[in-house]
Amino acid sequence: MASPVMPGCSTRATLQLVGPTSWTEVSATLGYDSGDPFAVRIRFGGRTRPEDEGVEWLVARELLHAGLTRPAGEGDVRVWPARTAGDVLFLELRAPSGHALFELSRSVLAGFVADTERLVPLGHEADAVDVEPELVALLDRDRPEADGR
């Protein structure tokens, strides 16, 4: 039986990696799949050469939505609008291997978040998740085989 195709959306964005002495353009793709309605995937780089997989971060959609208007997040991912009026947001990513601060377009992120909300409205993510097949698969995996394995 074929699995159903889950609707999703994506958008390309150019971010500015804020460095100590200069800024560097970084291409990214924001991706959303209604089958995983709480998350947004941000893929940096990749796709220019087959061997270049890029780097992907999984970010809470709600965090991105909140960061459009106020500082949001703590720990590894934070988003906040610039203090000056304009089309600027900051995205900060932290990992054991390092730290990155990006500047990005607020209108690009707002448009993408609006696209995700047309697929699954904010606050209704749990309605879009069909946990029963996942639960059955998980329980079947833990059940001993008929031959005692």
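Further up the page is the structure itself.
Draft legend 1. Quick look at the overall build of the protein chain. Scanning the protein chain from terminus to terminus reveals 4 helices and 7 strands. For the protein chain, the N- to C-terminal ordering of α and β elements is β-β-β-β-α-β-β-β-α-α-α. Within the protein chain, the fraction of its 149 residues that count as buried is 30%. Considering only contacts within the protein chain whose residues lie at least 6 apart along the sequence, 35% involve residues at least 24 apart. Put simply, the protein chain shows about 10000 Å² of open surface, and 53% of that area lies on carbon and sulfur atoms.

Draft legend 2. Region of interest: the side chain of T116. In this structure, T116 sits in helix α2 (residues 106-119). A residue is classified by how much of its surface remains accessible, and T116, at 0% relative accessible area, is buried. There is a polar contact of 2.7 Å between the side chain of T116 and the backbone oxygen of V113. If sequence neighbours within four positions are ignored, T116 has contacts with C9, Y32 and R61.

Draft legend 3. The arrangement of the layout of surface pockets in detail. Computed from the structure, the second largest pocket encloses a volume of approximately 200 Å³. What lines the second largest pocket is a set of 13 residues, among which V55, W57, L93, A100 and F102 lie closest to the centre. Of all the secondary structure elements, the ones that give two or more residues to the lining of the second largest pocket are β4 (55-60), β6 (88-95) and β7 (98-105). Per-element accounting of the lining of the second largest pocket gives the leading share, 4 residues, to β7. When the residues that make up the lining of the second largest pocket are grouped by side-chain class, the tally is 9 nonpolar, 3 polar and 1 charged.

Draft legend 4. Layout of empty space enclosed by the protein. All told, the structure shown has 1 cavity of 30 Å³ or more when counted by the stated rule. Taken as a whole, the largest cavity encloses approximately 50 Å³ of empty space. Considering the residues around the largest cavity, the lining is formed by L15, L30, I42, L64, V79, L91, L104 and L109. Split into classes, the residues belonging to the lining of the largest cavity amount to 8 nonpolar, no polar and no charged.

What counts and what doesn't
Residues numbered from 1 in each chain as written. Predicted model: local features only at pLDDT ≥ 70, side-chain atom pairs only at ≥ 80, totals over all residues. Heavy atoms only, no water. Helix = DSSP H or I, 4+ residues; strand = E, 2+ residues; numbered from the N terminus. Buried < 20%, exposed > 50% of the residue type's maximum accessible area, 1.4 Å probe, protein only. Contact = heavy atoms within 4.5 Å. Areas by Shrake-Rupley, 256 points an atom, 1.4 Å probe, with all protein chains shown as cover. Polar contact = N/O pair within 3.5 Å; in protein donor to acceptor, adjacent residues only side chain to side chain. 1 Å grid on protein atoms, 1.4 Å probe; cavity = no way out; pocket = protein on both sides within 12 Å on 5 of 7 lines; lining within 4 Å. Points joined across faces, edges and corners; volume = space filled by probe spheres on them. Nonpolar A, V, L, I, M, F, W, Y, C, P; charged D, E, K, R; others polar.

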